Structures are given as structure tokens and as C-alpha cells.
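A look at the structure
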Amino acid sequence: MFFMDTVSFFDHSNIYSVQQRVADRLEIMPYSILRTISNSWHLKTFHACITYESSGTVVDVFPPPGPMWILGKEFTGRRDHQEVKEFIQSRLWVTYRKGFSPIGGVGPTSDQGWGCMLRCGQMMLAQALICRHLGPDWKWDRNYPSEDYLKLLKLFLDKKDSCYSIHQIAQMGVSEGKDVGHWYGPNTVAQVLKKLAAFDHWSNIAIHVALDNTVVKDDIRKLCRIIPPESRPSSLVAPKTTTSTSSRSANVFHQHQGDRAARASGHASSVGWKPLVLFIPLRLGLNEINGVYINRLTQTFRLKQSLGVIGGKPNHAHYFIGVLENVREKSKELSLVFLDPHTTQPVVDVDQWGHLADESYHCSHVSQMPITSLDPSIALGFYCNTEADFDDWCANIHNVLLEGEFSPMFEVTESRPVHWPPFTDSSHDNDTFEIFTDIDYPTEDDFEVVDMSGIPRHPQARGGPP
């Protein structure tokens, strides 16, 4: 489906102000926009070519007058018109980029066409880190960005040394059986982000990916509870004084073993909680979402711990951040609100003056689609900053899962099923993988051209007889 709309402005000002006025008139952007600027002596014309990549996308004024839930917050379009726009614009919008350094030194310089699920995973994790470092009610200030905000954003820049960059995700995906340039499913991107989070010492979060549609509360408590040294078994408390490198390694090993042993023994005297990012990969149907899950799925957006949903068909993934009601001809239709990564933008980096142009990481317009058009392969996301948040999530998700007479979307159990192997905290096992940093690949300047014309060839060099 293709639609073109042309809006003309007699304007001699900067073309970006023209684009903003066009965006304000359109109100929403449920499409990818290809901009063509026609310049003449007295006229600047802005052409918006609106291309639909999904037949399920609808064009409506946003926000509608009715109620909506966005990442655990309730809004009413008629009353909270400006507030909901500011809230959505404050989320990080991560899209296709072009012009970054080759992935792996010799790989692609753009993720257009294959990186949409990776970008959705980045957006969901970025939302968790916003809650972690800036607070769930944080709003973007384009004129006076905070240091923590800039530090957070730099984690996602398209550079080899950024912890959650497209480079790191694509290369770490090789350990999950995905070659660079291949499309990821929701579960794969969750597993990759879990591995990369072990290197983000500033955020110090724990990522847990639920297996077999089952969330085990005991596993999460073992993963997130921080055990003080006095609560660890005395035989596993690390010695206070060490000198050699091998002794320091032993110190770290014993301390890690002590943490595991204390968690396994059920010590409840923890004084801290490592913030939890919970991914729950699900398949809610075969080729389309089963109708029995729709109401339960919409209820998850109401939970204050909600990070939304990532999902979509191959090469067409979206980050769903909320749900709303559209009233059409005396009927109500549930629609999902999402951020669309299918816009290719130039790579952004810190300039020579230390300035980071972050405007392209915030989108003032969102897309929406009927919830019945959702692909059944998804992953739910939740963020629990404290153990009390996790307990609250367990209580509320229990009510969501019990709604109706049909099978729940997933299960929440206190302990592991008997046929499962024991729980291991793989987030500390970093010796099996490493974060990828800049690699010095040889260039033409590193080689010397040698003239071999005057050197006689030996028969063996040609594979002939001696």
C-alpha cells in the first residue's frame, strides 16, 4: 500500500522548522518517511512520501480522546494530550543507522533490512535503564541534558566500544548461532542483551530470560539478592589480605562461590537487590495471535513494571509501548502503540567539542496498529528496581494470568519444576565470552610491496617434482 502527501510552505527559514510544522500537522507518523527537498529561489517544498510496510497500520490522530496505557502509566487523550506526547518523546527511539564503522572490521556499515529486532531490544533495555538511572517519570530536556542521560545514551551509540551498540549485539549474537547480518527473534536478542549486561558495571542490572513460558521466583531471587559478607558461609568468605595475582583470582572466586552458596541456602538477610530486567519470550499462536490472549496481553501494559513488548515478523519488528481504545462507528477497537525502527538515519557520535546531537534518538510521533495484527512471536519486558517491586509484580501478574477460563500466557512458580536442572547464575561466567572492543585491522600502509621478479622459482614452489 502506498500513499503520498505533499505539503508546501513558502518559508525561507531552516528546513527543519518546515519539517516540524509538517509533523505537527500530520500528528502521527505510522510509516517510514522518505524526505525529498525541492529548492527554488523563492520556494521550499517538503514532500512526505508515506510508505506502509504493514497493512495493519492505521492512520489516526494521536492521541485519541479515549483512555490509554503507556508503559504502566494511564493517560486520557482529551485531558493529557500534551503530557502523553512529552512522555513518549522522552523514550529513546533507536532506528536503523548507516555509516558506522564496519561490524567486526569487515562487516556491514548499516543494519538496514536486518537490524530491526536488535533495535527494538535496544529500545526496551534503554527504557529499563531510564527507570534505573533517571526515574520512570523522567522527561527529555533537549537544551540541558543531564550527565547521567548522556552517559546512558552513549551505551547505545553505534560504536565498537559502546556496551549495547549494534556492533556488540551483532557480534555477541554469534554465540547464539546468529551470523552478523541475520535477523534475530525476540528470545535471541534477549539472550544477547543478558550477556552484554554483565559488562555494564555502571548500571549493575540483572537480566533474566524466562524459559519454557515459566517464571521461577526462586531463581530470580537468587540472581538479584545481594548478600552481605557477614551472611555468607564462613568457609567461603574470601581472605582479607592477598598479594599475588593468583591470590586475588582466588579471592574473587571464593567470594563468588560464597554468594551462590548463601543464595542457595536461602539467606533472607540481604541488604540489597540488583535491579531486575525480566524478558518473557512467548508464542501466542501459530500464524496470528490467539484471541484468548488479547485481553491478558493488554493488561500487562497497565503494570507499573511494564517495559512493553518487542515482536514482529522477520525484517519487520516493532517496540510496542502501550495500548489504547479507538472508537470507530460506535464500535471499540484495541490498538497497540509502538515505536518503529524502520527509518534509516546517519550515524551519530560525539563531536570534537564533546557535543552529542541526540535529537534523532527521540521521536515526537508514534505508530499504532490493531492488536489483532500482532505477530504471535513476542517477548514481554518488565523492570523491578527493588525486591518489593518484584513482589508487587508477582501479585499483580497472578491476577492477570488467572483472568478468564483459558490457558494463561505463561506460568509463575515458586520453585523450579522437578525435571529442570539446578539454577546457575550464568551472568558471572564471563570467561566463556568477552565484550568486543576496537581491533586494529591491517591497512595498505601495513604492507610492503616486494619485487619478486629477480628471484628464481624452485620447482617445489610450483608443486612440481623435487
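Since the structure is predicted, the reported quantities are computational estimates derived from the model, not experimental observations. (Residues numbered from 1 in each chain as written. Predicted model: local features only at pLDDT ≥ 70, side-chain atom pairs only at ≥ 80, totals over all residues. Heavy atoms only, no water.)

**A word on the overall build of the protein**
Spelled out, the test is: Helix and strand assignments come from DSSP, with helices taken as H or I runs of at least 4 residues and strands as E runs of at least 2, each series counted from the N terminus. Partly exposed residues are those whose accessible area sits between 20% and 50% of the maximum for their type, while under 20% is buried and over 50% is exposed, using a 1.4 Å probe and protein chains only. Residues count as neighbours in contact if any of their non-hydrogen atoms are within 4.5 Å of one another. For every accessible area listed, the method is Shrake-Rupley and the probe measures 1.4 Å; residues are considered covered only by the protein chains on display.
A tally of helices and strands in the protein yields 10 helices and 18 strands. Within the protein, the fraction of its 466 residues that count as buried is 50%. For the protein, restricting intrachain contacts to residue pairs at least 6 apart in sequence, the fraction spanning at least 24 positions comes to 71%. Here the protein displays about 23600 Å² of accessible surface, and carbon together with sulfur accounts for 52% of that area.

**Notes on the nonpolar core**
Inclusion rule: Among buried residues, those of type Ala, Val, Leu, Ile, Met, Phe, Trp, Tyr and Cys that are joined through side-chain atoms within 4.5 Å constitute a nonpolar core.
I70, L92, F156, Y164, I207 and Y319 are the most contacted members of the largest nonpolar core, which totals 69 residues. The dominant element in this core, judged by the number of residues it contributes, is helix α3 (residues 116-133), at 12 residues. Among residues more than four places away in sequence, those in contact with F156 are L92, Q122, L125, A126, L129, Y164, S165 and Y361. Within the second largest apolar cluster, 39 residues are counted, among which are L278, I280, I289 and V400.

**Observations regarding the packing of helix α7 (residues 217-224) against helix α10 (residues 387-401)**
Quick note on the threshold: Under this scheme, a helix contributes an axis fitted over its contacting stretch, all axes are lines through C-alpha atoms, and angles between N-to-C directions fall in the 0 to 180 degree range. Just so you know how the angles are binned, under 35 degrees is roughly parallel, over 145 roughly antiparallel, 65 to 115 roughly perpendicular, and the rest oblique.
At a closest axis distance of 12 Å, the pairing of α7 and α10 adopts a crossing angle of 170°. With respect to α10, the axis of α7 lies roughly antiparallel. Touching K217, I220 and R221 of α7 are E387, F390, D391 and C394, all from α10.

**Focus: the packing of aromatic side chains**
Using the following cut-off: Whether two aromatic rings pair depends on their centres lying within 6.5 Å, for rings of Phe, Tyr and Trp, where Trp uses its six-membered ring; planes under 30 degrees apart make the pair stacked, over 60 edge-to-face, and the rest tilted. Sitting over a ring, as applied to charges here, requires NZ of Lys or CZ of Arg to be within 6 Å of the ring centre and within 35 degrees of the ring normal.
The tally for this structure, following the rule as stated, stands at 7 aromatic pairs. Ring centres 5.4 Å apart and planes at 25° place the aromatic pair F156 and Y164 in the stacked group. The pair F156 / Y164 is uniform in exposure class, with both members buried. Pairwise contacts between aromatic rings join W273, F382, F390 and W393 into one cluster. Above the plane of the ring of F87 lies R91, whose end atom (NZ or CZ) is 4.1 Å from the centre. Directly above the ring of Y361 sits R97, whose terminal nitrogen or CZ lies 4.4 Å from the centroid.

**Details of the confidence of the model for the protein**
Applied cut-off: Residue-level confidence of the predictor is what pLDDT reports, using numbers from 0 through 100.
Of the residues in the protein, 66% reach a pLDDT of 70 or more, and the chain-wide mean stands at 76. Considering only residues more than four positions removed or in separate chains, one finds that residues 438-450, a stretch of pLDDT under 50, has 6 contacts.

**Quick notes on the environment of L402**
The topology assignment puts L402 in the loop between α10 and β18 (411-413). Residues L402 and R296 lie 106 residues apart in sequence; the distance between their C-alpha atoms is 9.1 Å.

**Points about the environment of L356**
If you trace the backbone, L356 turns up in the loop between β15 (345-346) and β16 (367-370). In this structure L356 comes out as buried when scored by relative accessible area, which is 6%. For L356 and L150, which are 206 residues apart along the polypeptide, the C-alpha to C-alpha distance reads 8.0 Å. Those residues in contact with L356, other than ones at most four positions away along the chain, are L150, L153, K154, L157, V348, D349 and V350.

**What about the pattern of salt bridges?**
Under the convention used in this document: Note on definitions: salt bridges are taken to be side-chain nitrogens of Lys or Arg within 4 Å of carboxyl oxygens of Asp or Glu.
If you walk through the whole model with that rule in mind, you get 13 salt bridges. Linking R119 and D158 is a salt bridge whose minimum nitrogen-to-oxygen distance equals 2.9 Å. Here R119, found in helix α3, pairs with D158, found in the loop between α4 (147-154) and α5 (166-172); they are 39 residues apart in sequence, far enough to count as distant.

**A closer look at α3**
For clarity, the cut-off: Under the convention used throughout, the expected extent of a helix is 1.5 Å for every residue step, that is, one less than its residue count.
Taking 1.5 Å of rise per residue, the 18 residues of α3 would be expected to cover 26 Å, and the 25 Å separating its terminal C-alpha atoms lies within 8% of that figure. Burial analysis of α3 places 17 of its 18 residues in the buried class, which makes it a mostly covered element. Where α3 terminates, the next one or two residues include G135, which has phi positive at roughly 100°.

**Re the environment of D392**
Turning to its location among the elements, D392 is positioned in helix α10. Taking the C-alpha atoms as reference points, D392 and K304, 88 residues apart in sequence, are found 9.4 Å from one another. Those residues in contact with D392, other than ones at most four positions away along the chain, are K304 and Q305.

**Re the pairing of strand β5 (residues 73-76)**
Within a regular strand, side chains alternate between the sheet's two faces. Rule in force here: If DSSP finds at least two bridges between two strands, the strands pair.
Sheet topology places strand β4 (residues 67-70) next to β5; 4 bridges connect them, and they run antiparallel. Counted as the bridge partner of P67 is T76 from β5.

**Points about α10**
Test applied: Think of it as the arc spanned by the lines of direction from the helix axis to the C-beta atoms.
Taking 1.5 Å of rise per residue, 15 residues should cover 21 Å, and α10 covers 21 Å from first to last C-alpha, within 8% of that figure. The set of residues buried in α10 consists of E387, D389, F390, W393, C394, I397, V400 and L401. Seen along its axis, α10 keeps its buried residues to an arc of 140°; they face one direction. Set apart from the buried face of α10 by more than 90 degrees, the exposed residues are A388 and N399.

**Observations concerning the pairing of strand β17 (residues 377-384)**
For β17, a buried count of 8 out of 8 residues is recorded, marking the element as mostly surrounded by other parts of the structure. As paired strands, strand β11 (residues 276-283) and β17 are joined by 8 bridges and run antiparallel to one another. Its bridge partner being in β17, L282 is matched across the sheet by I378. As paired elements, strand β12 (residues 306-313) and β17 share 5 bridges and run antiparallel to each other. Bridging from a neighbouring strand, G311 pairs with I378 of β17.

**Brief notes about unusual backbone geometry**
One non-glycine residue, N204, lies in positive phi territory at about 50°. Here N204 is to be found in the loop between α6 (186-197) and β7 (206-209). You will see that N213, though not glycine, has its phi angle at about 55°, which is positive. Along the polypeptide, N213 turns up in the loop between β7 and β8 (214-216). Overall, the relative accessible area of 34% leaves N213 in the partly exposed class.

**Considering the side chain of T300**
Spelled out, the test is: Counting of polar contacts relies on pairs of N or O atoms within 3.5 Å, with two restrictions inside protein: one atom must be capable of donating a hydrogen and the other of accepting it, and residues adjacent in sequence are counted only when both atoms are side-chain atoms.
Position of T300 among the secondary structure elements: in helix α9 (residues 294-300). Polar side-chain contacts of T300 include one of 2.5 Å to the backbone oxygen of L297.

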